[in-house]
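# Structural overview
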Amino acid sequence: MAVLEAHDVTKDFREGREVVSVLKGVSLAVERGEVVGLEGPSGSGKTTLLFILGGLLTPSSGRVIIEGEEVDPSRTDQLPDVRKRSIGFAFQHFNLFPALTAAENVEYALNIKGVRGPAARREAERLLEVVDMADRRRLRSRHLSGGQKQRVAIARALAGQAAIILADEPTASIDSQLGSQILDLFVRLARDENRAVLIVSHDTKVRAIADRNIQIRDGCLLG
Amino acid sequence: MVHLATKILLDDKTRFLTTVSGVGFSVMLVIVQVGIFLGMLENASIAIERLDADIWVTARNTPNIDFANTFPELYIQRVRSAPGVLRADNLIVWFVPVALPSGAKEATIVYAMEDFPRWRFPWNIAEGDPQDLRRGRYVFIDDSAEKRFGRFAVGEYREFLGLRLKIIGRTREARSFTTNPIAFLDYRVAQALAPLDLHNRTTYILVKLAPGADQEAVRTEIQRRLPHNDVRTKAEWAARSRNYWIENTGLGLSMYMTVFLGCLVGVVVVAQTSYTATMDHFKEFAIVKAIGGNNADIYRIIAEQATIAAVVGFLVGTALAYAVRPLMARMDLKMIIPEELIIDAFLGALALCLAASLISFRKIAGLDPAVVFRS
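A quick note: this is a predicted structure, and the numbers were derived from the prediction, not measured.

## As for the overall build of chain B
Looking only at helices and strands, chain B features 12 helices and 12 strands. A compact globule built from 375 residues would reach a C-alpha radius of gyration of about 21 Å, whereas chain B, at 29 Å, exceeds it by more than 25%. When each of the 375 residues of chain B is scored for burial, the buried share is 43%. A sequence separation of at least 24 residues applies to 83% of the contacts in chain B between residues at least 6 apart.

In structure tokens, the structure reads:
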């Protein structure tokens, strides 16, 4: 069953007097346990699609259904709740809190999602074990290497039982070998933790590990 | 629970110290200025508070205890015979120039009575017996006069309006708002010093109520008997003496201005450092939103940081104010720091820091979490 669905989604932006259509009727579905790669050149609309699927933007038209619930495009105030409940992000530049340790970065995400106290601490340690970072949990994130930061960022994305992990160029800021390890980690998480993973990337290695690859060009999905 | 606000705040120690210094300086400024002001105001009414009188009869419209006017001393008989009066005595308060050994002249405020001990006045005696002031050319001078008169000792003489008086005692804490030194001498001697103004005249009548007497009833009766005088309770007279300096001089305004400027400095420093800190951590706030946080979560962070700055700044400022107090005392400035001032300073610092943080929050409220996807 799909946990993330987009039906005929469009997104228009107004630039002066002109209306630019960035997405032109995009439909897709991602299921639990599945890794989907989304690939496309700059300006193809993949980031806009990621924002809409992640509850950062609402579509101009079309429907987005997350874990069976349709996102009401007129209620932008509900988007934080959608993100809190269902979405975990992994960013190209990791975006960890530099003042926090690895464990605190994950624990803070759990706090935001309503998990507090010892339960949050235990869950943060479990998630760091899942991404093989348990032994670095007390290090401040600014003292971690790029690969380690991305692992912590992925652990944070997993926090709060998020059903959908959206990764934006997760291997772009780390070397090739570490990139492979990170991609393998996504596959393992999709299988072991039963999460849906959508990876937006230019990295050709994503094609090899993804269950499906989707191409996007000029706001339309190909194939 | 991870306290992101504290961690971010303490992560940049230089900025944290700047913020705390700003709040601390502001709090210190307010406490010191208000403390000195309260000290000066206490001087304005300390004699009224310490004299063992329940009711004061003054010349009409006398503005404060130092600026006394005269009226016939025989009015005392009308007061003594009023029901409910245990005892009543005349008191003269008068400015008198004193010739100093250096050849200079300084004004002093003399307090003159028939029987000082009966009114437990002066209240803090360092040397001598005030009973000995009676009918002699003697004087008690407060220690605080040394700054203006130079050093003096019991047994020496000083010339008050051409009359040589022997110093037979010293007091402490007897100050006036005007900072003129205070001297105590016999009632008749004081009248002899300024016969044109004081012959058969007094400046105040002090009234002690009989046990169980109704103060308001006695006051009304004395007022009826002396319709051309003012009759006030101790509390009213003390308040009038203090308010004179607040309302009729620039002192009150000056104090309010300093407090305002102190607060302004605090607000500006906190608002500025909070704003730049917020801008520096712009992306981190966007991350909070991207992972599901809302504006309330972000305001909690900013408000928590403002509260920490207020609390630490308040502690620093209060400690500095207490540290400054002995230095002020050395400069002959009394600083009074009541509990209410400390509580008000804390609440003020907290309110101002939270208000200052609103500026940062306004900037963050419309933050688009999508900025975290951009490098």
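## Quick look at the overall build of chain A
Regarding its fold elements, chain A presents seven helices and 10 strands. Since a compact globule built from 223 residues should have a radius of gyration of about 17 Å, the 17 Å found for chain A is in line with a globular shape. Each of the three principal axes of chain A carries a C-alpha extent, and together these read 50 × 40 × 35 Å. A total of 223 residues make up chain A; the buried ones form 54% of that total.

## Details of the sheet that holds strand 6 (residues 87–90) of chain A
Residue and element names in this part refer to chain A. An order of 6-7-8-3-9-10 is seen for the six strands of this open sheet, with the pairing classed as mixed. Both edges of this open sheet fall to strand 6 and strand 10 (220–222), since each of them pairs with a single strand only. Direction aside, neighbouring strands of the sheet carry axes that sit 25° apart on average. Pairing geometry for strand 7 (residues 164–168) and strand 8 (residues 196–200), over five bridges, is parallel. When the sheet's bridge partners are listed, Ile-165 is paired in strand 8 with Val-197. Those strands touched by helix 6 (residues 176–192) are strand 3 (35–39), strand 7 and strand 8, and its axis lies near 155° from that of strand 8.

## Thoughts on the domain arrangement of chain B
As assigned here, chain B comprises domain 1 (4–43 + 250–373) and domain 2 (61–227). Here the C-alpha centroids of domain 1 of chain B and domain 2 of chain B sit 48 Å apart.

## What about unusual backbone geometry?
Residue Pro122(B) is bonded to the preceding Phe121(B) through a cis peptide linkage, with omega at -5°. For Pro122(B), the position within the fold is in the loop between strand 4 (105–113) and strand 5 (125–127). Of note in the backbone geometry, Glu169(A) takes a positive phi value of approximately 45° without being a glycine. Along the chain, the position of Glu169(A) falls in the loop between strand 7 and helix 6. We classify Glu169(A) as partly exposed; it has 19 C-beta atoms within 10 Å. Positive phi is not limited to glycine here, since Thr179(B) has a value of about 70°. The topology assignment puts Thr179(B) in the loop between strand 8 (163–171) and strand 9 (182–186).

## Regarding the interface of chain A and chain B
Each partner contributes residues to the interface: chain A has 24 residues there, and chain B has 22 residues. Broken down by secondary-structure element, the contributors of at least two residues to the side of chain A that touches chain B are helix 1 (46–53), helix 2 (79–86) and helix 3 (102–112) of chain A. Looking at the side of chain A that touches chain B residue by residue, the classes come out as 12 nonpolar, five polar and seven charged.

## Here's the deal with the pairing of strand 9 of chain B
Residue and element names in this part refer to chain B. Judged by how many residues are buried, strand 9 sits mostly within the fold: five of five residues are covered. Where strand 4 lies against strand 9, five bridges are found, and the strand directions are parallel. The residue bridging Ala-112 from the neighbouring strand is Leu-185, located in strand 9. Of the strand pairs in this sheet, strand 6 (residues 138–142) and strand 9 are connected by two bridges, and their pairing is antiparallel. By the bridge assignment for strand 9, Phe-140 is matched with Phe-184.

## Describing the sheet that holds strand 5 (residues 69–70) of chain A
Residue and element names in this part refer to chain A. Spatially, 2-1-4-5 is the arrangement adopted by the four strands of the open sheet, whose pairing is antiparallel. Looking at which strands have only one partner, the edges of the open sheet turn out to be strand 2 (18–31) and strand 5. Pairing between strand 4 (residues 61–66) and strand 5: two bridges, direction antiparallel. Each residue of the ladder has a partner; that of Ile-66, found in strand 5, is Glu-69. Set on the sheet, helix 1 makes contact with strand 1 (2–15), strand 2 and strand 4; between it and strand 1 the angle comes to about 125°.

## Let's talk about the environment of Ala303(B)
Residue and element names in this part refer to chain B. Within the secondary structure, Ala-303 sits in helix 11 (residues 295–330). By the C-beta count within 10 Å, which is 17 here, Ala-303 ends up partly exposed. A C-alpha to C-alpha distance of 6.5 Å links Ala-303 and Ser-357, two positions 54 residues apart in sequence. Beyond its immediate stretch of four places on either side in the chain, Ala-303 contacts Leu-354 and Ser-357.

Calculation criteria
- Residues numbered from 1 in each chain as written.
- Chains lettered and ligands numbered in written order.
- Predicted model: local features only at pLDDT ≥ 70, side-chain atom pairs only at ≥ 80, totals over all residues.
- Helix = DSSP H or I, 4+ residues; strand = E, 2+ residues; numbered from the N terminus.
- Rg over C-alpha atoms; globule rule 2.2 N^0.38 Å.
- Buried ≥ 20, exposed ≤ 12 C-beta atoms within 10 Å, placed from the backbone.
- Contact = placed C-beta atoms within 7 Å.
- Pairing = 2+ DSSP bridges.
- Axes fitted to C-alpha atoms, helices over the stretch in contact; angles between N-to-C directions.
- Domains from an automatic or database assignment.
- Nonpolar A, V, L, I, M, F, W, Y, C, P; charged D, E, K, R; others polar.

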